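# Residue-level structure breakdown
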Amino acid sequence: MNFSRSIVTFLSLSVTGLAVVGTVIAPPLGPVAQAQTAPASTATLERDAFNRINAYRKTKGLTALVWNDAIAVQARIHSQNMANGRVPFGHNGFAARIAATKVLYSGAAENVAYNQGYAEPAKQAAEGWFKSPGHEINIRGNYGLSAVGVARNAQGKVYFTQLFIKPR
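Below: a short report on this structure. (Residues numbered from 1 in each chain as written. Predicted model: local features only at pLDDT ≥ 70, side-chain atom pairs only at ≥ 80, totals over all residues. Heavy atoms only, no water.)

## Considering the packing of aromatic side chains
The condition is simple: What counts as a ring pair is set by centres within 6.5 Å for rings of Phe, Tyr and Trp (its six-membered ring), and what kind of pair is set by the plane angle: stacked under 30 degrees, edge-to-face over 60, tilted for all other angles. Helix and strand definitions follow DSSP, with helices as H or I runs of at least four residues and strands as E runs of at least two, each counted in order from the N terminus. Exposed residues in this analysis have more than 50% of their type's maximum accessible area, buried residues have under 20%, and partly exposed residues fall in between, with area computed by a 1.4 Å probe over protein chains only.
Evaluation of the coordinates by the stated rule reveals 6 aromatic pairs. Residues Phe89 and Tyr114 carry aromatic rings whose centres are separated by 4.9 Å and whose planes lie at 85° to one another, so their mutual orientation is edge-to-face. Placement of Phe89 in the loop between α2 (69-83) and α3 (94-100) and of Tyr114 in strand β7 (residues 105-116) is noted, with a sequence separation of 25 residues between them. What makes Phe89 partly exposed here is its relative accessible area of 25%. Assessed through its relative accessible area of 15%, Tyr114 is described here as buried. A network of ring pairs unites the aromatic residues Phe89, Tyr114 and Tyr159 as a single cluster.

Set out below in structure tokens:
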């Protein structure tokens, strides 16, 4: 079995209007087994991460988030921009992403992560978010719409952006 150093990094942001409610940076986790199969498509990873978030919400007695394609486009663009180095890893442009969805909202939040070297990158991202208080607050938040965007760069890093919106 191949083992390599794997990395995972997370950031979260939650806003109501323009006030930042919480930001957390979680430390990287330890190494795990290297994937032995071809990597999953980014579309598969997006749905996998989204479904894991909804399964987690269900265990907490919360309603499922509804996938929104306009939100998915913005989340995907942000992940692609981070993966390609056009923007730094983080929340730069968050307000513009939310506005670009054209969804009227009363609250919004964002979780981002990247990892490398994991057999199940969506599982790793979601589980990292569950263990991080700031991310978990966003996941358990009173939001109705959401989507996950994923991008992979040439170095094999997999970037995740999940946007959450509470529609008006």
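## A few points about unusual backbone geometry
Positive phi values are uncommon outside glycine, yet Lys102 reaches one of about 65°. In this fold, Lys102 is placed in the loop between α3 and β7. On the accessibility criterion, Lys102 (72% relative accessible area) is exposed.

## Overview of the side chain of Glu136
Heads up, the condition is: Pairs of residues are marked as contacts when any of their non-hydrogen atoms sit within 4.5 Å.
Examined against the element boundaries, Glu136 turns out to sit in helix α5 (residues 133-139). Not counting residues up to four positions away in its chain, the partners in contact with Glu136 are Tyr56, Lys60, Trp129 and Phe130.

## Some remarks on helix α1 (residues 42-59)
For clarity, the cut-off: An expected span of 1.5 Å times one less than the residue number is assigned to each helix. Taken from the helix axis, the directions to the C-beta atoms give the arc we talk about.
End to end, α1 covers 26 Å across 18 residues, agreeing with the expected 26 Å (1.5 Å per residue, within 8%). All of the buried residues in α1 are Leu45, Glu46, Ala49, Phe50, Ile53, Asn54, Tyr56 and Arg57. For α1, the angular spread of buried residues about the axis comes to 165°, placing them on one side. Turned more than 90 degrees from where α1 packs its buried face, Lys58 and Thr59 sit exposed. Its buried side turned inward, α1 meets β6 (66-67), α2, α4 (121-131), α5, β8 (145-152) and β9 (158-167). Taken from the residues just after α1, Gly61 is the one with a positive phi, measuring 75°.

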